[in-house]
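Structural overview
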2 protein chains.
Amino acid sequence: MEIKEALQKKNINKELEISGWVRFNRSSKKIVFIDLYDGSNLNGIQIVCKEELLNKKDFNLLFKAPLYSAFTLKGKIIFNIKKEKYEFWPFKIEYFSFSDSKFPLGKKDHTLEFLRLQSHLRIRTKLFQSIMKIRSYCSQLIHLYFMKNEFYYIHTPIITKNDAEGAGETFFVKTKNNQSFFNSQGTLTVSGQLQEESYTQSLKKTYTFGPTFRAEKSNTPRHANEFWMIEPEIAFADYFKAMDLGENLLKFIAKKILNNYLEELKFLENYFKTNLIENLQNIIKKKFNKIKYEEALNILKEGKLKDKIFLNDKFNFGDELSTEHEKYLAEIYEKGPIYIYDYPYKNSSFYMYKNNDNKTVRGFDLLVPKIGELIGGSQREDNYEKLINIIKEKKLELKELNWYLDLRKYGYAKSSGFGIGFERLIMFITGVENIRDVLPFPRTPGKLEF
Amino acid sequence: MEIKEALQKKNINKELEISGWVRFNRSSKKIVFIDLYDGSNLNGIQIVCKEELLNKKDFNLLFKAPLYSAFTLKGKIIFNIKKEKYEFWPFKIEYFSFSDSKFPLGKKDHTLEFLRLQSHLRIRTKLFQSIMKIRSYCSQLIHLYFMKNEFYYIHTPIITKNDAEGAGETFFVKTKNNQSFFNSQGTLTVSGQLQEESYTQSLKKTYTFGPTFRAEKSNTPRHANEFWMIEPEIAFADYFKAMDLGENLLKFIAKKILNNYLEELKFLENYFKTNLIENLQNIIKKKFNKIKYEEALNILKEGKLKDKIFLNDKFNFGDELSTEHEKYLAEIYEKGPIYIYDYPYKNSSFYMYKNNDNKTVRGFDLLVPKIGELIGGSQREDNYEKLINIIKEKKLELKELNWYLDLRKYGYAKSSGFGIGFERLIMFITGVENIRDVLPFPRTPGKLEF
């Protein structure tokens, strides 16, 4: 039985079998206290081993058990009235595996840097259990949300033809003898959007959620070479509908996490000294405002006049917003999530809908406190001829995009969508500041141990 | 509103807005019949365009609309008593996009081979809509099942260190100038199991569901270079528990698909002339039997005596079962799914638990009719010293596996798990015989168009 289940009231005084690992072991002559955990809850259960209940061999084993030893125990659930908590009194060991006493993660606290060198063991700490359980639940919630709202999940390909979008440097896929395998260079995908769109033009509401890759040698707390992305796409929808979808999705996730992982959130709040619960409550209760990029520039200019010092303080039309600007807009100006839309055409991706003003596109970002950009999306250019011209203007290879152009040729329902960097979302929820600590096995330049 | 929703009884005589693509257009002078679909159901809705209800321009547009043109229409839902079905009578076009009349997939039936050349358009056929909608639902069901049963979803890495398992040829990940990026050769994962196990040894019940890769130049209907795999792992569990988990998972999926995709299954049954519904019912109602590998050999020997002709008919201990044998065992002998376990040590993966007989391991496969092996799993070797010896015997690189050995060193709870090839599962459910037709954009040797 799982520890979470064993701790239910109905099990008091029942004989049960539980399994788990030793997180703490305090032994005295006639009694041993062990904290046993099994992943089903944060704090596990207190095991009280009484000499008189166990045979000598079993008592000695529990007495000596080093941290992280694994046990399956038969015993009874007792309610300790004095301490007002449940305990488990074992009378038999069904299975055990002793841990080597030189276990590298002892009782003391370790730095996150040290734990990164032990990616295969760090999940044994309460900290990483909290982070990774929230990551797992959040992934499942994404599927649940789209399932409830009748979106189709499309597994867009990981190995793709040479990056058509120009979103960044790509990894190349080869065989042992350095040959390309597919008669055309295979690269690791930077986004599933383009291929997904072909499915959206038949199934109307789709999403993809899978790994994406960047071959960038950026060794920062915000960059990883392999990360996961959520990309929904809706046909017959303009970009305001996509923005509403993003808002609804985040509200759904925030509610569920608050309801089901409050204990872990409190632990993380205390660990990182930051307001995680309030952040999530803000997501739920605040309507996400939407302002144009040009308005955002004015807000930043005003901020500058009011003595806010920006490292980069040029705010002319066409200037890109950097992370410090994004954080200012969300943290100081809006004090919550805010959508910015109608970005300059100049820096836009080729597939974004070009407005009639000829200088802006129907692109948008959602900015949130602490993180900056969490969502980036757009309405897609729907005119076949216009799209060809943009591709030429942006100097992309037209012949590589013929299949994508076909989608505009054969009955194109206007379409909008966005991408959420999944790790950024987890960083936002958990308060983790380095992307390496929300990825089970982070891939960063020069690092590949597992 | 979605077409599926519009077709509900409560909407009769209501004014609604619906969107979709033209699947069929039969026009006469004063009336136009259009089949419009939007992905929300299989057959879409019948649009009846009456000249008197529409302005001349709109009527003419609908009159001339080529296949796959996209429309958003305002109109009324009518129940046609004579034909006993719902119709939609439009009175206004809100949005439209004409398809080029040279749309390559016309009304006639196309071969699957031809459609493969049009991977970006084939989803516009009823056939691929049925397959891909079932694929999508099935992916979501997998997450739903594990969520309900409180398994943690682990995103194991895609870029891994040189394949430690020796499961097959791997793809290499490089940068533009052919350099390895990580100071150690990156390869695309063949399985998430090894890394996942480190999480199982703390969270107890885990799974991964992600893309896996093989750099094999096998151009067969059963091989692809990129495919998805589901891999659950349970700590404190022997291999019989893992077999039971596989059975429960498949029963859950079969029930849900029968309940929610019966229309699509009937369409596919008719298209492929095969018994899909009966297959799924069999999964639900039959207890999965479990027999040892040596018993399977005897069954095959008996089959041979009873005039069954095998291409390969040697059945001595240590001989591998090939697909013809697997199909015989499931289709002819068991007439349903069957587990085979305790395979020879000789051909086993290094991480499989070696039995005391020293010649078999606690590995198992689930065989199903038409497909052969659908699930492959094992109990994992749990003894640190024994595992080192096996690694040496199988001539694998010990130093690459030190981190994996650590898991056995520091409190190892016996662990079992398995992998399901997701595409095989979809082939089993849909009756599709070529793996290229269950993958949105299949990756096979020499082919990379999208």
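Preceding this paragraph is the structure being described.
For every chain, the first residue of the written sequence is number 1, and numbering continues from 1 onward in sequence order. Chain letters start at A and ligand numbers start at 1, both assigned in the order the entries are written. A pLDDT threshold of at least 70 governs which residues receive local features in this predicted model, and a stricter bar of 80 or more applies before side-chain atom pairs are shown or counted, although totals over entire chains, interfaces and linings include all residues. Hydrogen atoms and water are omitted, and side-chain values are computed over all heavy atoms in the structure.

1. Notes on the sheet that holds strand 10 (residues 205-213) of chain A
All names here are of chain A. We apply this condition: Being paired, for any two strands, means DSSP has found at least two bridges between them. For helices the rule is a DSSP run of H or I covering at least 4 residues; for strands it is a run of E covering at least 2, with both sets numbered from the N terminus onward. Residue contacts follow a heavy-atom distance rule, with two residues in contact if any of their heavy atoms lie within 4.5 Å. Interaxial angles span 0 to 180 degrees and are taken between N-to-C directions of axes, which are lines fitted to C-alpha atoms, for helices over the stretch in contact.
The mixed open sheet is built from eight strands, whose spatial order is 6-10-11-16-15-14-13-12. The open sheet has two edge strands with one neighbour each: strand 6 (152-153) and strand 12 (289-292). Relative to strand 16 (residues 415-421), strand 15 (residues 372-379) is paired through five bridges, and the arrangement is antiparallel. What sits directly across from Ser 378, in strand 16, is Gly 417. Across the sheet, helix 4 (residues 126-148) lies against strand 6, strand 10 and strand 11 (226-235), angled at about 150° from strand 10, the strand it touches most. Here helix 13 (residues 422-430) sits on the sheet and contacts strand 10, strand 11, strand 14 (360-368), strand 15 and strand 16; the angle it forms with strand 16, its principal contact strand, is near 55°.

2. Side note on the pairing of strand 1 (residues 15-27) of chain A
All names here are of chain A. Bridge analysis of strand 1 against strand 4 (residues 70-80) gives seven bridges, and the strand direction is antiparallel. Across the sheet, residue Glu 17 finds its bridge partner in strand 4, namely Lys 74. Note: strand 1 against strand 2 (residues 31-37), six bridges, orientation antiparallel. Its bridge partner lying in strand 2, Asn 25 is registered against Ile 34.

3. Focus: the interface of chain A and chain B
Where interface size is given, it is often the accessible area lost as the parts come together that is meant. The condition that has to hold: Summed over both partners, buried area is the accessible surface (1.4 Å probe) that two parts give up on being assembled. For salt bridges, the criterion is a side-chain nitrogen of Lys or Arg within 4 Å of an Asp or Glu carboxyl oxygen. Think of it as three bins: nonpolar holds Ala, Val, Leu, Ile, Met, Phe, Trp, Tyr, Cys and Pro, charged holds Asp, Glu, Lys and Arg, and polar takes everything else, Gly as well.
Taken residue by residue, the interface counts 110 residues in chain A and 110 residues in chain B. A combined buried area of about 9400 Å² lies between chain A and chain B, and 61% of that area is made up of carbon and sulfur atoms. In terms of surface lost to chain B, no three residues of chain A exceed His 155, Phe 181 and Tyr 410 of chain A, which account for 9% of the buried area on that side. Counting across the interface, chain A meets chain B through six salt bridges. Of the charged contacts in the structure, one is a salt bridge between Asp 38 of chain B and Lys 204 of chain A, with a shortest N-O distance of 3.7 Å. Looking at the side of chain A that touches chain B element by element, the count peaks at 13 residues for helix 4 of chain A. A breakdown of the residues in the side of chain A that touches chain B according to their chemical character gives 53 nonpolar, 33 polar and 24 charged.

4. A word on the side chain of Arg 124 of chain B
Stated formally: Type-normalised accessible area, obtained with a 1.4 Å probe on protein chains alone, sets the label of each residue: buried when under 20%, exposed when over 50%, and partly exposed for intermediate values. Charge assignment in this entry is limited to Lys and Arg as positive and Asp and Glu as negative, and neither His nor the chain termini are counted. Residues adjacent in sequence count toward polar contacts only when both atoms are side-chain atoms; beyond that, a polar contact is any pair of N or O atoms within 3.5 Å, and within protein one must be able to donate a hydrogen and the other to accept it.
Tracing the chain through its elements places Arg 124 of chain B in the loop between helix 3 (112-116) and helix 4 (126-148). As a buried residue without a salt bridge, Arg 124 of chain B has its nearest oppositely charged side chain in Asp 406 of chain A, at a separation of 8.5 Å. Among the polar contacts listed, one links the side chain of Arg 124 of chain B to the backbone oxygen of Tyr 410 of chain A, at a separation of 2.4 Å. In contact with Arg 124 of chain B, other than residues within four places in its own chain, are Gln 201, Ser 202, Leu 407, Tyr 410 and Gly 411 of chain A together with Tyr 37, Tyr 68, Phe 103 and Gln 129 of chain B.

5. Some points on the relation of the copies chain A and chain B
The two chain copies are related to each other by a rotation about an axis together with a translation along it. Convention followed: C-alpha atoms of residues with pLDDT of at least 70 in both copies form the basis for the least-squares superposition of the copies.
When chain A is fitted onto chain B, the two copies agree to an RMSD of 0.0 Å after a turn of 180° and an axial shift of 0.0 Å. Look at the turn and shift together and you get a two-fold axis relating the two. In terms of C-alpha distance to the rotation axis, chain A has Val 173 of chain A as its closest residue, with the C-alpha 2.5 Å off the axis. A high fraction, 100%, of the interface residues of chain A reappear at the interface in chain B, so the copies pair face to face through one surface.

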